[in-house]
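What the coordinates show
In case you want the letters, here they are:
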Amino acid sequence: MKNFNIELLSKICETPGAPGHEKRIRDLVINEVKSLVDEVEVDNLGNVHAIKRANSNPEGKKVMVAAHMDEIGFMVTHIDENGFLRFTTLGGFDPKTLTAQRVIVHGKKDVIGVMGSKPIHVMTTEERNKVSKTTDYFIDLGMNKEEVEKIVSVGDAVTRERGLIEMGDCVNCKSIDNRVSVFVLIEALKTLKNHPYDVYAVFTVQEEVGLRGANVASHKINPDFGIALDTTIAFDLPGAQAHEKVTSLGAGTAIKVLDAMTICDYRMVEFMKQTADRNNIKWQPEILTAGGTDTAGLQRMGKNGAIAGAISIPTRNLHQVIEMAHKQDILDSVNLLNACLETLDKYNWDH
């Protein structure tokens, strides 16, 4: 697919950055955006503020665009007498997806581990039939305790190990949520021009554990307008009923109407729809009844509140290592974001 920077997306998705441990992905982001914007700041929580000033902005209005850098991960809580690691989760996991996975433990150096659990051959019938819990799993580094403790300490972060591949017109990797939005925001900054208001492109931290970065950044910036970028569920799979799908891959970028933490401003929703139609950008509505995004922080954590909405990238298999998004949906998201940022002043926000 033309104009799709697969090398950059791969690098962004594969770089580790568990909640509270985003330094590596933050360094990558800063390196990518520093030549594209007027100012780059990092706040005390670790959010990256990439600021692109308008040529003329007499009203002094600000629009904040948020894409979270963190990925779901784990933290080491215990090293047992045989060198196996116990952990807690950072973000939401379906425990059964941990089976047979490799992870990277970020100690004094990175070491590969595997998610171990009781072999099925020695399970009782009751154990085979029970629902998995995260506490059923441990991380096996293939080393004894003495060797492990030279490298790993309680409190070290752990991320999932899986590279990006192309599958047909789609990309598949761990951490498409939400690295695809980091990619979208960087790509948009490359071509953004003639924007009427100051654009605060914020790459946020700790979204997966409670929108913490977006809350702090919104409070500092106090934006007039807010646009969040995140993935959303594409349950366009066998067995799904039409009303359960939320979105479908290849049907265009998604314009958020509602999620579990936000009712998007009706004006922003209508503005995005009209902007997409005017620019021949394929789109679909998103109503996500479970799960929240940085949209909530954008909307209500600034001192005056913001007219806020979100552009979402449909994604299958969310919070797994096989997350999948369609390349054209991703490009449509870049195009819609830029079109919105360049025409915010052309809409009647008083209606």
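All of the points below concern the structure found in this document. (Residues numbered from 1 in each chain as written. Predicted model: local features only at pLDDT ≥ 70, side-chain atom pairs only at ≥ 80, totals over all residues. Heavy atoms only, no water.)

1. Some points on the overall build of the protein
To keep things clear, this is the line we draw: Numbering of helices and strands starts at the N terminus; helices are DSSP runs of H or I of at least 4 residues and strands are runs of E of at least 2. Using C-alpha atoms as the atom set, the radius of gyration is obtained and then compared with a globule rule of 2.2 Å times the number of residues to the power 0.38. To sort residues, take the accessible area from a 1.4 Å probe on protein chains only and compare it with the maximum for the residue type: under 20% means buried, over 50% means exposed, and anything in between is partly exposed. Methods summary: accessible areas were calculated by the Shrake-Rupley approach with a probe of 1.4 Å, and residue burial reflects only the protein chains presented.
Looking only at helices and strands, the protein has 9 helices and 18 strands in total. In terms of overall dimensions, the protein is globule-like: its C-alpha atoms have a radius of gyration of 21 Å, near the 20 Å expected for 351 residues. Here the C-alpha coordinates of the protein stretch approximately 65 × 45 × 40 Å along the principal axes. The burial tally for the protein puts 54% of its 351 residues in the buried class. Carbon and sulfur atoms make up 49% of the accessible area of the protein, which totals about 15,400 Å².

2. With respect to the pairing of strand S11 (residues 170–173)
Rules: Whether two strands pair depends on DSSP finding at least two bridges between them.
Alternating positions in S11 separate into two faces, Cys170 and Asn172 on one and Val171 and Cys173 on the other, with burial throughout. Note: strand S10 (residues 165–167) against S11, 3 bridges, orientation antiparallel. Paired with isoleucine 165 across the two strands is asparagine 172, which belongs to S11. Between S10 and S11, which follow one another and run antiparallel, lie 2 residues, and glycine 168 among them has a positive phi close to 60 degrees.

3. What about the sheet that holds S10?
Spelled out, the test is: Under this scheme, a helix contributes an axis fitted over its contacting stretch, all axes are lines through C-alpha atoms, and angles between N-to-C directions fall in the 0 to 180 degree range. Every residue pair with non-hydrogen atoms within 4.5 Å of one another is taken to be in contact.
Strand order across the open sheet formed by 3 strands is S10-S11-S18, with antiparallel pairing between neighbours. This sheet does not close on itself; its edge strands, each paired only once, are S10 and strand S18 (323–326). Ignoring which end each strand starts from, the neighbouring axes of this sheet average 30 degrees apart. Taken together, the 4 bridges between S11 and S18 define a ladder with antiparallel strand orientation. Bridge pairing in S18 links asparagine 172 to methionine 324. The strands that helix H9 (residues 327–343) touches are S10, S11 and S18; relative to S18, the one it contacts most, it runs at about 65 degrees.

4. What to know about the packing of aromatic side chains
Note the following rule: Here a pair means two rings of Phe, Tyr or Trp (six-membered ring of Trp) with centres within 6.5 Å. Their orientation is stacked below 30 degrees between planes, edge-to-face above 60, and tilted elsewhere. Charge-over-ring placement is defined geometrically: NZ (Lys) or CZ (Arg) within 6 Å of the ring centre, and within 35 degrees of the ring normal.
Applying the stated criterion across every chain yields a total of 9 aromatic pairs. A ring pair is formed by phenylalanine 74 and phenylalanine 93, whose centres lie 4.6 Å apart and whose planes are at 20 degrees; its orientation type is stacked. Pair noted here: phenylalanine 74 is in strand S4 (residues 73–79) and phenylalanine 93 is in the loop between strand S5 (85–90) and strand S6 (102–106), with a separation of 19 residues, a long-range link. What makes phenylalanine 74 buried here is its relative accessible area of 1%. Geometrically, the ring pair formed by tyrosine 197 and phenylalanine 225 is stacked, given 5.8 Å between the ring centres and 10 degrees between the ring planes. Of the two residues, tyrosine 197 is situated in the loop between helix H5 (176–191) and strand S12 (198–204) and phenylalanine 225 in strand S13 (residues 225–233); the sequence distance between them amounts to 28 residues. Against the face of phenylalanine 4 rests lysine 327, its NZ or CZ located 5.9 Å from the ring centre.

5. Re the pairing of strand S2 (residues 48–52)
A large share of S2 lies buried, amounting to 5 of its 5 residues. Neither face of S2 is left uncovered, since the one carrying Val48, Ala50 and Lys52 and the one carrying His49 and Ile51 both have all their residues buried. Where strand S1 (residues 39–42) lies against S2, 4 bridges are found, and the strand directions are antiparallel. Within the sheet, the bridge partner assigned to valine 42 lies in S2 and is valine 48. What sits between the antiparallel neighbours S1 and S2 is a turn of 5 residues, in which glycine 46 has the positive phi angle 110 degrees. Of the pairings in the sheet, the one linking S2 to S12 comprises 5 bridges and is antiparallel in character. Each residue of the ladder has a partner; that of isoleucine 51, found in S12, is tyrosine 200.

6. Re the pattern of salt bridges
As a reminder of what qualifies: The term salt bridge refers to a side-chain nitrogen of Lys or Arg lying within 4 Å of a carboxyl oxygen of Asp or Glu.
Taken as a whole and assessed by the stated rule, the structure comprises 20 salt bridges. Where lysine 256 meets aspartate 259, a salt bridge forms, and the shortest distance between an N and an O atom there is 3.3 Å. The pair lysine 256 / aspartate 259 is uniform in exposure class, with both members buried.

7. Details of the packing of helix H1 (residues 6–14) against H5
Going by this rule: Convention used here: angles under 35 degrees read as roughly parallel, angles over 145 as roughly antiparallel, angles from 65 to 115 as roughly perpendicular, and any remaining angle as oblique. Left-handed describes a crossing in which the near helix is turned anticlockwise from the far one by less than a right angle; the clockwise case is right-handed. The classification used treats Ala, Val, Leu, Ile, Met, Phe, Trp, Tyr, Cys and Pro as nonpolar, Asp, Glu, Lys and Arg as charged, and all other residues, Gly among them, as polar.
It is the contact of H1 with H5, at a shortest axis distance of 9 Å, that shows an interaxial angle of 135 degrees. Viewed along their axes, H1 and H5 adopt a mutual orientation that is oblique. As for the relative orientation of H1 and H5, their crossing is right-handed in sense. For the pair H1 and H5, contact is made by Leu8, Leu9, Ile12 and Cys13 and by Ile176, Arg179, Val180, Val182, Phe183, Ile186, Glu187 and Lys190, respectively. Of the residues that constitute the contact of H1 with H5, the class distribution is 9 nonpolar, no polar and 3 charged.

8. Some words on the packing of H5 against H9
For the pair H5 and H9, interaxial distance at closest approach is 9 Å and the crossing angle is 50 degrees. When the axes of H5 and H9 are compared, the pair comes out oblique. Seen along the crossing, H5 lies across H9 with a hand that is right-handed. When H5 is examined against H9, the residues Val180, Phe183, Val184, Leu185, Glu187, Ala188 and Thr191 are found in contact with a partner set consisting of Ile330, Ser333, Val334, Leu337, Asn338 and Glu342.

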